[in-house]
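Remarks on the overall topology
Chain by chain, the residues:
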Amino acid sequence: MQIDVLTLFPEMFSGVLGTSIVGKAQQKGLVSFRLVNFREFSGNKHGQVDDMPYGGGGGMVLKAEPIFQAVESLVEPSAGETKEPAKRPRVILMCPQGQRYNQKLAEELAEEEHLIFICGHYEGYDERIREHLVTDEISIGDYVLTGGELASMVIIDSVVRLQPGALGNAQSAISDSYSTGLLEHPHYTRPAEFRGWTVPDILLSGHHENIEKWRLEEAVRRTLERRPDLLEADGISEEIKKIAKRLKEQL
Ligand code: ADE
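Residues take numbers from 1 onward in each chain, read along the sequence in its written order. Note on the predicted model: pLDDT of at least 70 is required for a residue's local features to be given, and 80 or more for side-chain atom pairs to be given and counted; whole-chain, interface and lining totals, by contrast, use all residues. As a rule here, side-chain values come from all non-hydrogen atoms in the structure, and water together with hydrogens is ignored.

**What about helix α6 (residues 149–160)?**
With twelve residues, α6 extends 16 Å from end C-alpha to end C-alpha; this agrees with the ideal 16 Å at 1.5 Å per step. With nine of its twelve residues buried, α6 lies for the most part within the structure. Looking at α6, one finds that the buried residues are Glu149, Ala151, Ser152, Met153, Ile155, Ile156, Ser158, Val159 and Val160. In this text, helices come from DSSP runs of H or I with a minimum length of four residues, and strands from runs of E with a minimum of two, each type numbered from the N-terminal end. A helix's residues, less one, multiplied by 1.5 Å, set its expected span. Burial classes: relative accessible area under 20% of the type maximum marks a residue as buried, over 50% as exposed, and values in between as partly exposed (1.4 Å probe, protein chains only).

**A few points about the sheet that holds strand β8 (residues 136–139)**
Note on pairing: two strands pair once DSSP finds at least 2 bridges between them. A sheet is described by the order of its strands in space; here five strands give the open sequence β2-β1-β6-β5-β8, paired in parallel fashion. The sheet is open, and its two edges are formed by β2 (32–36) and β8, each paired on a single side. The sheet shows a mean angle of 30 degrees between the axes of neighbouring strands, direction not considered. Any pair of residues with heavy atoms lying within 4.5 Å of one another is described as a contacting pair. Under this scheme, a helix contributes an axis fitted over its contacting stretch, all axes are lines through C-alpha atoms, and angles between N-to-C directions fall in the 0 to 180 degree range. Set on the sheet, helix α4 (residues 103–110) makes contact with β5 (90–100), β6 (114–118) and β8; between it and β5 the angle comes to about 170 degrees.

**Some details on the side chain of Asp136**
With respect to the element layout, Asp136 can be found in strand β8. Looking at Asp136, the relative accessible area reads 10%, which means it is buried. Residues adjacent in sequence count toward polar contacts only when both atoms are side-chain atoms; beyond that, a polar contact is any pair of N or O atoms within 3.5 Å, and within protein one must be able to donate a hydrogen and the other to accept it. Within the structure, the side chain of Asp136 is placed 2.6 Å from the side chain of Thr135, a separation counted as a polar contact. Excluding residues that lie within four positions of it along the chain, Asp136 makes contacts with Arg90, Val91, Ile92 and Leu93.

**Examining the packing of aromatic side chains**
Centre distance and the angle of the planes are the two values used to describe a pair of aromatic rings. A pair of Phe, Tyr and Trp rings is counted when the ring centres sit within 6.5 Å of each other, with Trp represented by its six-membered ring. The angle between the planes then sorts it: under 30 degrees is stacked, over 60 is edge-to-face, the rest tilted. By the definition in use, this model includes one aromatic pair. Between the aromatic rings of Phe194 and Trp197, the centroid separation amounts to 5.9 Å while the plane-to-plane angle is 50 degrees, which identifies the pairing as tilted. Classification of Trp197 by relative accessible area gives exposed; the value is 60%.

**Details of the pattern of salt bridges**
A carboxyl oxygen of Asp or Glu within 4 Å of a side-chain nitrogen of Lys or Arg is what we treat as a salt bridge. Taken as a whole and assessed by the stated rule, the structure comprises 15 salt bridges. Among the salt bridges present, the one from Glu212 reaches Arg215, with a minimum N-O distance of 3.3 Å. Here Glu212 pairs with Arg215, and both are found in helix α9 (residues 208–226), just three residues apart, close to one helical turn. We classify Glu212 as partly exposed; its relative accessible area is 46%. Note that Glu249 and Lys245 form a salt bridge whose closest N and O atoms lie 3.6 Å from each other. Pair noted here: Glu249 and Lys245 are both in helix α10 (residues 238–250), with a separation of four residues, about one helical turn.

**Examining the domain arrangement of the protein chain**
What the domain assignment reports for the protein chain is domain 1 (2–160) and domain 2 (180–250). Each of domain 1 and domain 2 has a C-alpha centre, and these two points are 39 Å apart. Note that the domain bounds were set by an automatic or database domain assignment.

**Observations concerning the pairing of β6**
For β6, the tally of buried residues reaches five of five residues, placing the bulk of the element in the interior. Pairing geometry for strand β1 (residues 2–6) and β6, over five bridges, is parallel. The residue bridging Gln2 from the neighbouring strand is His114, located in β6. In this sheet, β6 lies alongside β5 in parallel orientation, the contact comprising four bridges. Within β6, the residue paired with Val91 across the bridge is Ile116. Crossovers are marked right-handed if the path from the first strand over the helix to the second runs clockwise, as seen with the strands pointing away from the viewer. The β-α-β motif built from β5, the intervening α4 and the parallel element β6 has right-handed crossover chirality.

**So, the site of the ligand**
Taken together, Met94, Cys95, Pro96, Ile138, Ser139, Ile140, Gly141, Tyr143, Val144, Leu145, Gly147 and Ala151 make up the full set of residues near the ligand. Cys95 is positioned with one of its backbone polar atoms (N or O) 3.2 Å from a nitrogen atom of the ligand. Here the ligand loses 96% of its free accessible area of 260 Å² to cover by the protein chains. The set of elements that each furnish at least two residues to the shell around the ligand consists of β5 and β8. Ranked by residues supplied to the shell around the ligand, first place goes to β5 with three residues. Residue proximity to a molecule or strand is established when one non-hydrogen atom of the residue lies within 4 Å of it. Areas reported here follow the Shrake-Rupley algorithm with a probe of radius 1.4 Å; residue values treat only the protein chains shown as occluding.

**Side note on the sheet that holds strand β7 (residues 124–125)**
Read across the open sheet, the three strands follow the order β3-β4-β7; overall the sheet is mixed. Edge strands, defined here as strands with exactly one partner in the open sheet, are β3 (50–51) and β7.

Right, dumping it as structure tokens:
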């Protein structure tokens with residue numbers, strides 16, 4: 001997978017892209033990153049990429065030209081290569097007005113071959129970027145960041161960990177909170193007793209079937225307590241609905 005990021009602050013990415021699962025995925029060749037400072041495409045000697053808004057008012061607006069040029073530099077076939085890329089990249093604008101990010105969208109983006117993130121600062125983007133360049137506008141939550149960089153790193157992290165081979169234990173992405181539609185069940189590790197607090201007996205029993213039943217029930221209980229809205233979503237199985245009904249009656 002190819003992931004490109006347009007940013008005025010490429011130095012913000014070095015820790016995140018080089019560390020842990022994302023860093024390892026890069027070393028394994030599962031993902032490759034390019035950071036593009038779109039100031040290089042400003043077309044003027046001052047490197048100016050923003051300008052005053054037409055119609056007046058405060059704040060500056062990111063110009064269309066440098067962003068279009070930077071994206072085009074990443075998708076145009078290089079010299080000698082005449083073939084169009086097999087699949088068009090997803091060009092993702094990071095902004096608070098975008099579609100709210102969630103695990104379903106992470107799974108969808110993880111299937112793509114090429115993602116391009118546009119991270120802006122300042123007051124806003126020239127509307128023609130939205131209308132004629134991007135395929136998606138994404139927000140990571142209902143709050144305003146100083147720029148799209150941190151938001152794009154959140155998305156990159158959640159997409160890279162879904163690449164086959166990125167996680168050590170292939171199972172761990174499957175039982176994640178949200179990919180099952182439920183929050184995760186509680187986990188315990190050694191010692192069996194810590195400061196007088198003990199691990200539930202069933203987890204020490206070695207009875208795998210009962211353990212799986214307990215885990216599913218605890219996942220449903222936790223979801224019911226913390227995020228009951230998730231149990232109303234499409235795709236929740238009849239088995240889970242039945243467990244939820246029984247737990248609710250016990251409340
Ligand atoms: N840029 C500023 N705030 C943002 C948010 N919440 N999500 C995505 N990009 C942003």
